[in-house]
Amino acid sequence: MTRSLFKKCDDPLDLQYRKERISILATQWGLVETRPLILEYRIPQPQLTKLLSSVSRYVHRCLQVPPSTYTETHSHLDNFRNSRRNITPNGACVPKKEYQFLYNDVLQNWFSVFNTMISKNESILKLVRVTPNIRIKFGRELKDNENRGLNTQLPHSDAWVEGPWGFNVFTPLLGDCQNNTLRYYEVPNDKLPNSFFSTVGSYTEKQMLLSDFHEDETFIPKSGHIYISDYAVVHKTWRTHNSSARISI
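Basis of the calculations
- Residues numbered from 1 in each chain as written.
- Predicted model: local features only at pLDDT ≥ 70, side-chain atom pairs only at ≥ 80, totals over all residues.
- Heavy atoms only, no water.
- Helix = DSSP H or I, 4+ residues; strand = E, 2+ residues; numbered from the N terminus.
- Rg over C-alpha atoms; globule rule 2.2 N^0.38 Å.
- Buried < 20%, exposed > 50% of the residue type's maximum accessible area, 1.4 Å probe, protein only.
- Contact = heavy atoms within 4.5 Å.
- Areas by Shrake-Rupley, 256 points an atom, 1.4 Å probe, with all protein chains shown as cover.
- Pairing = 2+ DSSP bridges.
- Axes fitted to C-alpha atoms, helices over the stretch in contact; angles between N-to-C directions.
- Core = buried A, V, L, I, M, F, W, Y, C linked by side-chain atoms within 4.5 Å.
- Salt bridge = Lys/Arg side-chain N within 4 Å of Asp/Glu carboxyl O.
- Phe/Tyr/Trp six-rings, centres within 6.5 Å; stacked < 30°, edge-to-face > 60°.

Asker: Explain the overall build of the protein to me, please; I cannot follow it from the model alone.
Answerer: What the protein contains, in helices and strands, is 4 helices and 10 strands. Its helices and strands taken in sequence order, the protein reads α-β-β-α-α-β-α-β-β-β-β-β-β-β from the N to the C terminus. In terms of overall dimensions, the protein is globule-like: its C-alpha atoms have a radius of gyration of 18 Å, near the 18 Å expected for 249 residues. Referenced to the eigenvectors of the C-alpha coordinate spread, the extents of the protein come out at roughly 50 × 40 × 35 Å. Across the 249 residues of the protein, 52% fall into the buried class. Taking all contacts inside the protein whose residues are at least 6 apart in sequence as the whole, residues at least 24 apart take part in 80%. Here the protein has roughly 12200 Å² of accessible surface; of this, 50% comes from carbon and sulfur atoms.

Okay, here's the thing in structure tokens:
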């Protein structure tokens, strides 16, 4: 089979088309549509074990701290929130040549998982980002991220900076994934705002469009699961007041 499974659609606001796309992916890859326009895949345990180990080593190296076993809670990582040499304001761990082998190990294990997930029909995909962000979100927001226009604490769609047709991929892995996670918003049943998918320079410019979007407070993504969401699904970084650090892709 090929991408002809998807009918041609020139209207980004066509929610029915987006629902059909998600349904096709669920069927072709054997995924679960856990919420409207959100798919879930449980990473097989042998692959997850390797991925957790490589991600843990890589993040500890980025923070310039001694590595620990990935079975620990990683709450101690909040003690190193000021170790920012290789961490962006939004928590992305930046690969450097001094530890490119650690980063490449993460990529190898990540794409082993990804290839298994799509193995039933790889031809559906047109493009995959080959440098996923390995991200640490501390229990409290970093001060230099609080007022940034692209702070992921703001409800947003990735379409606002990348265009209308992609999918967001979120994989919580280590640490406090219950209290420090991604929160999704329910997609309105009626039509999306006309300018919803237009690109802008910051998430702040689109907040006025979200009055009809409501947080799904009952849905907490599970550690070790991959979540694929259509760009129509608004989401944000969400923490409880007493959360600790989590690591995700």
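Having put the structure on the table, let's press on.
Asker: How should I be thinking about the sheet that holds strand β6 (residues 180-186) in this particular structure?
Answerer: Judged by pairing direction, the sheet is antiparallel, and its 3 strands sit side by side in the order β7-β6-β9 without closing on themselves. The open sheet has two edge strands with one neighbour each: β7 (214-215) and β9 (235-239).

Asker: Got a minute to help me understand the sheet that holds strand β2 (residues 38-42) in this structure?
Answerer: Note: strands within a sheet are paired through backbone hydrogen bonds, in either parallel or antiparallel orientation. Strand order in this open sheet of 4 strands is β1-β2-β8-β4, and the pairing throughout is antiparallel. Here the strands that pair on one side only, and so sit at the sheet edges, are β1 (32-35) and β4 (167-170). Between one strand and the next, the sheet's axes are offset by a mean angle of 30°, whatever the strand orientation. Both β4 and strand β8 (residues 225-230) contribute to a ladder of 4 bridges, which runs antiparallel. Across the sheet, the residue bridging to Phe 170 is Tyr 227, located in β8. Where helix α1 (residues 15-29) meets the sheet, it contacts β1, β2, β4 and β8, and its direction lies at approximately 150° from that of β8. Along the sheet, helix α3 (residues 100-118) makes contact with β2, β4 and β8, crossing β8 at roughly 65°.

Asker: Explain the nonpolar core to me, please; I cannot follow it from the model alone.
Answerer: Across soluble globular proteins, nonpolar side chains have a tendency to be buried as a group. Counting residues in each nonpolar core, the largest one holds 69 residues, and the members touching the most others are Val 55, Tyr 58, Val 59, Ile 134, Ile 136, Leu 192 and Phe 196. Elements represented by at least two residues in this core include exactly α1, β2, α2 (45-62), α3, α4 (159-162), β5 (172-175), β6 and β8. Here the element with the most residues in this core is α3; it accounts for 9 residues. Leave out the neighbours within four places in its chain, and Leu 192 touches Leu 13, Leu 15, Val 187, Phe 197, Phe 213 and Ala 232.

Asker: Please explain the pattern of salt bridges as it appears in this structure.
Answerer: Between side chains of opposite charge, pairing is possible as soon as their charged atoms come close. Applying the stated criterion across every chain, the model contains 11 salt bridges. A single network of salt bridges, built from pairs that share partners, joins Arg 18, Arg 21 and Asp 230.

Asker: I tried to follow the pairing of β6 on my own but got confused; where do I start?
Answerer: Look at any regular strand and the pattern is simple: side chains alternate between the two faces of the sheet. Of all 7 residues in β6, 6 are buried; the element is thus mostly enclosed. Two elements, β6 and β7, share 2 bridges in a ladder whose sense is antiparallel. Bridge pairing in β7 links Glu 186 to His 214.

Asker: Help me understand the packing of aromatic side chains in this model?
Answerer: Think of a pair of aromatic rings as described by two things: how far the centres are apart, and how the planes are tilted against each other in angle. Per the stated rule, a full pass over the model turns up 11 aromatic pairs. Between Tyr 184 and Phe 219, the ring centres sit 5.7 Å apart and the planes meet at 25°, which makes this aromatic pair stacked. Residue Tyr 184 is found in strand β6, and its partner Phe 219 is found in the loop between β7 and β8; the two are separated by 35 residues along the sequence. We classify Tyr 184 as buried; its relative accessible area is 1%. Since its relative accessible area comes to 8%, Phe 219 is described here as buried.

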